[in-house]
Amino acid sequence: MSALIENFDAIIAGFWSTIRLAAMSAVLSLLLGTLLVALRVSPVPVLRGMGTLYVTILRNTPLTLVLLFCALGISNTLQLNFDVEDPAFNGYWLAVLGLTAYTSTFVCETLRAGVNTVPMGQAEASRAIGLTFAQSMRMVILPQAFRAVIAPLGSVLIALIKNTTVVIVAGYAEAAFVMKDMLYESAGTVVMVFLGFAAGYMILTLPVGYLTGWLARRLAVRR
Amino acid sequence: MSTGVLFDAPGPRARLRHNVLTLVGLLAALLAAWFVWARFSAAGQWDAELWKPFLDPEVWTGLILPGLWGTLSAAAVSAVLALLFGVVFGLGRLSDHWWLRLPSGGIVEFFRSVPVLIMIFFAQAGAFAIFGYVMPAFWAVVIGLTLYNGSVLAEVFRSGVHSVARGQSEAAYALGLRKGGVMRLILLPQAVTAMLPAIVSQMIVLLKDTALGYIIAYEDLLNAGFRVVPANYGNIIPAAIVVAAVYIALNLVLGWFATWLEGRGRRSRRSAATPMKADPVVGVPPLGA
Amino acid sequence: MRRIVLALAALALGSTALTACGGDAGGSDSLVDKAKNDKKLTVGVKIDQPGLGVKKPDGTMEGFDVDVARYIAEKLGVPESGITWKETISANREPFIQQGQVDFVVATYSILDERKEKVTFAGPYIVAHQDIMVRSDESSVTKVEDLKDKLICQASGSNSYKRITDPAPDGQGIKAKLVPAGSYSECVAKLKGGTLDAVTTDDLILAGFAAQNPSDYKILGTPFTDEKYGVGMKKGDTASCEAVNDAIAEMYKDGTAAQLLKKWFGQTQGLQLPTEAPAFEGCA
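Residues numbered from 1 in each chain as written. Chains lettered and ligands numbered in written order. Predicted model: local features only at pLDDT ≥ 70, side-chain atom pairs only at ≥ 80, totals over all residues. Heavy atoms only, no water.

Attention shifts here to the packing of helix 3 (residues 57–94) of chain B against helix 8 (residues 179–209) of chain B. Residues and elements named next belong to chain B. Remark: helix 3 packs on helix 8, axes separated minimally by 11 Å, with the N-to-C direction vectors making an angle of 140°. Taken together, the axis directions place helix 3 and helix 8 in an arrangement best described as oblique. Seen from above, helix 3 lies across helix 8 with right-handed handedness. Residues Thr-71, Leu-72, Ala-75, Ser-78, Ala-79, Ala-82, Leu-83, Leu-91 and Leu-94 of helix 3 touch helix 8, and the partners they reach there are Met-183, Ile-199, Met-203, Leu-206 and Leu-207. Here the residues of the contact of helix 3 with helix 8 are counted per class, giving twelve nonpolar, two polar and no charged. (Axes fitted to C-alpha atoms, helices over the stretch in contact; angles between N-to-C directions. Helix = DSSP H or I, 4+ residues; strand = E, 2+ residues; numbered from the N terminus. Parallel < 35°, antiparallel > 145°, perpendicular 65-115°, else oblique. Left-handed = near helix turned anticlockwise from the far one by under 90°. Contact = heavy atoms within 4.5 Å. Nonpolar A, V, L, I, M, F, W, Y, C, P; charged D, E, K, R; others polar.)

Here you go:
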């Protein structure tokens, strides 16, 4: 227990980094994921192909490698940086970039699956009563699809929070980084350290799961 | 629902718009590709010297393939253990006895909400601190992956059993079967068919997650390709690209397998359970690291 | 289905057996006795440190540390064919030695007081110095003080950056900007790409990287710490420690050391290579 109390400030700072990473990546993943799903259902084959290619590649690459690519490939080889002179700022945004690039593919797939939960008859019916594409999307398909994806999106968000730990490969200091230091450098009571950090992650992830689960049940479309 | 029904057959203006969008898309893709190419050549990353090692069969047989074997064996062992873990705790959660159900639920929920990497660190450091035993990196990776993926699979099993139409178990009880018999003879055989795609896609997650072993220096594909190959040739970026290609190919094969299984499950009429999506979007976190 | 499960189970057992064999414990024999009786030793080295310890595609090992380990083993009566190489990383060197998973370690292993509590060190076989590496066209950094406001690398698991940024007496109290990276390989890649200005750590490690692309980097040659690289072995194995010290002294006397230093670090500019054996720390 004492190990946790002694390093309390470092632990809080670590989890604060985790929250900052997860929150920013979540918002951006949602945006990019929506854009990707728009590409993937668009009537233009080239755009559809580009969306599919992106999702296929990113989904099948380990996140560890994606983040290494951001730190070395994008920052260093492509020379795309947010601000080279401020490493902490640069590191944060490169990590967000990697997490977003990876997570958005899962957001995209979840949204697409959500659209697929709406029975074909609904779309046919809305076309039959003369609604245009935009109208049938806005009034019939999307309201149902949106409700169907709340719980799965919650799972994606939980996974994202847990995945922030992998940012360690780019050397960015978040909670797992602090834990590793505590475990290997100053071997205190290892079990307490583990349980402490596990509890920290549970505090972050469990409410997300319950909240989205509750929302999904409340808003569920009854068929 | 196929998206085709959402669109009208394009008229002349829509066709024009589509053509413009096609052009814009192509141009954007070309521009991005050219940009990457130019920056790579500026950084000298296309130098033949950096790529030549990958034409040398010895680099593959001596470094990359042993690394690949490390990845595959860790994935295979964790897959087997995770399946066992999943069956035990998934059925535990379905039990009628609270003293089985509650602890199983607690364990599953705990390991599902803790990051895999944290568990791997703990498996390694904890074993040494508590038992004075140096956990080989292989087992630290396997333990972490087993606990996490096993918990996810426990949920898959649970929802798989739930997905069998209730009439089936009611009918079985009416025939006079006991609890065990209903589960063994009626529910599980049908549930397994429904669960297979979800299980296989969890295996893809597991396979990708073995790359976390890189962080504790387990000799996997990523380590061989990203640490040892560059130590020989100083070609860290080309090495990363080659390793990524191998991972993508590996996961694509598994992914196709999942889709094929799903298609087969949908065609066959032997199960009263609806096949779960290959991408277990509902209720199960679809992605690992 | 059952066949698949069986095959997987067999695979699992196979891997278990493999791992179990790998973790062959050394027993309680001293290093010297084991070398004499078995003609076999397990040596802990780095496998990703250019110039010091690298695993080559054909499975052989190369590097300065590796050659030193070979020399020591030979002096203890173990031929090259009797050496099993095992990767040790910073996090597991002490545990590996304590448990006998390796018989001795030659892996850029600095002799430090806190480590002496857990393992016995022979040597040092060489004293490295922390130094600074920059791009070869860099002119604004010529000494440690120039690192103020420059971007330097903070490699994961290494404390070298603290010698720059920590206040005296631990460091120089220079306000450099730290760029995190996963390893020194990544640091060097970032140095080349220009996302950082200098990499600072032991000169021998830097020299190993510089030797891969001699025209890209230069080492300043402004050493400011002493890192005594020792040969780690089981705590209290004094007799073996003395034997290894004798081997190191012999290595410098018969010219092997000079030859090895020239072979691995001779091309690197700015490096001061020793000509005689460093003063030993003593085996107690």
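Further notes follow.
Attention now moves to the sheet that holds strand 2 (residues 48–49) of chain C. Taken together, three strands build an open sheet; the order of strands is 2-3-4 (chain C) and the sheet is antiparallel. The outermost strands of the open sheet, each flanked by one partner alone, are strand 2 and strand 4 (61–62) of chain C. Where strand 2 of chain C and strand 3 (residues 53–55) of chain C come together, two bridges link them in antiparallel fashion. Bridge assignment links Asp-48 of chain C to a residue of strand 3 of chain C, and that residue is Val-54 of chain C. Relative to strand 3 of chain C, helix 9 (residues 221–233) of chain B is tilted by about 110°, and along the sheet it contacts strand 2 and strand 3 of chain C. (Pairing = 2+ DSSP bridges.)

Residue and element names in this part refer to chain C. Enumeration over the complete set of coordinates arrives at two disulfides over all chains. Sulfur-sulfur distance for the disulfide between Cys-153 and Cys-187 comes to 2.0 Å. Disulfide Cys-153 to Cys-187: torsion about the S-S bond roughly -75°, handedness left-handed. Pair noted here: Cys-153 is in strand 9 (residues 151–155) and Cys-187 is in helix 7 (residues 184–193), with a separation of 34 residues, a long-range link. A single burial state applies to Cys-153 and to Cys-187, both of which are buried. For Cys-241, the disulfide goes to Cys-283, at an S-S distance of 2.0 Å. A torsion of -80° about the S-S bond marks the disulfide between Cys-241 and Cys-283 as left-handed. In this pair, Cys-241 sits in helix 9 (residues 238–253) while Cys-283 sits in the segment after helix 10 (256–265), placing the two residues 42 residues apart along the sequence. Take Cys-241: its relative accessible area is 0%, and that puts it in the buried class. Cys-283 sits in the buried class, given a relative accessible area of 5%. (Disulfide = S-S within 2.5 Å. Buried < 20%, exposed > 50% of the residue type's maximum accessible area, 1.4 Å probe, protein only.)

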